[in-house]
Amino acid sequence: MLLDTASLYYRAYFGVPDSVKAPDGTPVNAVRGLLDFIGRLVQDHRPDDLVACMDADWRPHWRVALIPSYKAHRVAEVSESGPDVEETPDTLAPQVPIIEAALDAFGIARVGVAGYEADDVIGTLTARATGPVDIVTGDRDLYQLVDDARARRVLYPLKGVGTLQVTDEAWLREKYGVDGPGYADLALLRGDPSDGLPGVPGIGEKTAAKLLDAYGSLAGIIAAVDDPKSKLTPTQRKRLDESRPYLAVAPKVVQVAADVPLPAFDPALPQSPARPEMVDALAHRWGLGGAMSRLSSALRP
């Protein structure tokens, strides 16, 4: 089980009231929400391995070099030496180090790699895995990893974190008319304002799905642009032709990496907290006794 940690703690932050505070008044709603969500996942799914995948770089320069608008609207401060600073709610940013400390105290593997997003860590771990993989994320970009033949599915939280939509190929085909890899092509054709991806003008989700159904893939669509006998409308042909520079680089930006140089780590689900004294200290310092206790109980076999 692979957690897209940032997308989940964002969900927790907006799903748990900010009246949940530490004794000193610091909001800890995202921390409590995430810990309870992980406890629920462990209880319901009991994975052999559990990895909290982290954004060591939320906007990698190699993606920005290809599409400069990539996530540009979310930059709070440009950094010359490291990752740009992302716009984050004032009361969420201070909770992230507490989340990281709690994961470490429990012994839940936490993996991030400089120059890569959590999505890329997830893509690499999914490519390496020899058994079934459940990816837990509130980010539809990861639908591209769905693969029934290899038992890869996405668990997408609805209404907070209590209900999960199980995303497999049948669900993708019914909703979007594509399989996992086809979703990446659909996303780059349609564009994604939340990630600063312009897409192809005039081609929305339904048109993109129809084109992929007719021509099979982005490469097939490009071939159809070059084929005067293809059934593209004149407007579609013109817009796709004018978008060639974008379409040449967008796949590398949209597709998650499968070759991230991961550090050595133990992914095994802990059966008890690795550092109980640290769990107790965090529980006391941040008023998280209930959440810490519930996760400890969920971990016990």
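Use the structure listed above.
Residues numbered from 1 in each chain as written. Predicted model: local features only at pLDDT ≥ 70, side-chain atom pairs only at ≥ 80, totals over all residues. Heavy atoms only, no water.

Trainee: Mind showing me how you'd approach the overall build of the protein here?
Mentor: Secondary structure assignment for the protein yields 13 helices and eight strands. For 301 residues, the compact-globule estimate of 2.2 N^0.38 gives 19 Å, and the C-alpha radius of gyration of the protein, at 21 Å, lies within 12% of that figure. With respect to the three principal axes, the spread of C-alpha positions in the protein is 70 × 40 × 35 Å. Relative to its 301 residues, the protein shows a buried fraction of 50%. (Helix = DSSP H or I, 4+ residues; strand = E, 2+ residues; numbered from the N terminus. Rg over C-alpha atoms; globule rule 2.2 N^0.38 Å. Buried < 20%, exposed > 50% of the residue type's maximum accessible area, 1.4 Å probe, protein only.)

Trainee: Before we go on, may I ask you to explain the environment of T167 in this structure?
Mentor: By secondary structure assignment, the location of T167 is in strand β8 (residues 163-167). The exposure class assigned to T167 is buried, which follows from its relative accessible area of 0%. Remark: the alpha-carbon pair of T167 and R153, spanning 14 residues in sequence, is separated by 5.7 Å. In this structure T167 touches Y143, V146, R153, V154, Y156 and L172, once residues within four positions along its chain are discounted. Looking at T167, its side chain comes within polar contact range of the side chain of Q165, at 2.9 Å. (Contact = heavy atoms within 4.5 Å. Polar contact = N/O pair within 3.5 Å; in protein donor to acceptor, adjacent residues only side chain to side chain.)

Trainee: I keep staring at helix α9 (residues 218-226) and nothing clicks. Help me out?
Mentor: Along an α-helix, residues three or four apart share an orientation, since each turn contains 3.6 residues. Turning to α9, its buried residues number three or more, namely L218, G220, I221, A224 and V225. Viewed end-on, α9 has its buried residues packed into an arc of 160 degrees, placing them on one side of the element. (Arc of directions from axis to C-beta.)

Trainee: Is there a simple way to explain the pattern of salt bridges in this structure?
Mentor: Here the idea is simple: oppositely charged side chains can pair when their charged atoms come close. The tally for this structure, following the rule as stated, stands at 18 salt bridges. For R294, the salt bridge goes to D36, with nearest N and O atoms at 2.9 Å. Here R294, found in helix α13 (residues 289-299), pairs with D36, found in helix α2 (residues 29-45); they are 258 residues apart in sequence, far enough to count as distant. The partly exposed category is assigned to D36, whose relative accessible area is 26%. Close ionic contact of R110 with E100 constitutes a salt bridge, the shortest N to O distance being 3.7 Å. One end of the pair, R110, is in strand β5 (residues 109-111); the other, E100, is in helix α4 (residues 96-106), and 10 residues separate them in sequence. (Salt bridge = Lys/Arg side-chain N within 4 Å of Asp/Glu carboxyl O.)

Trainee: Mind showing me how you'd approach the pairing of strand β7 (residues 152-158) here?
Mentor: Across a regular strand the side chains alternate sides, sitting on one face of the sheet and then on the other. Within β7, five of the seven residues are buried, which leaves it mostly tucked inside the rest of the structure. Bridge analysis of strand β6 (residues 133-136) against β7 gives four bridges, and the strand direction is parallel. Each bridged residue has a counterpart across the sheet, and for I135 the counterpart in β7 is V154. (Pairing = 2+ DSSP bridges.)

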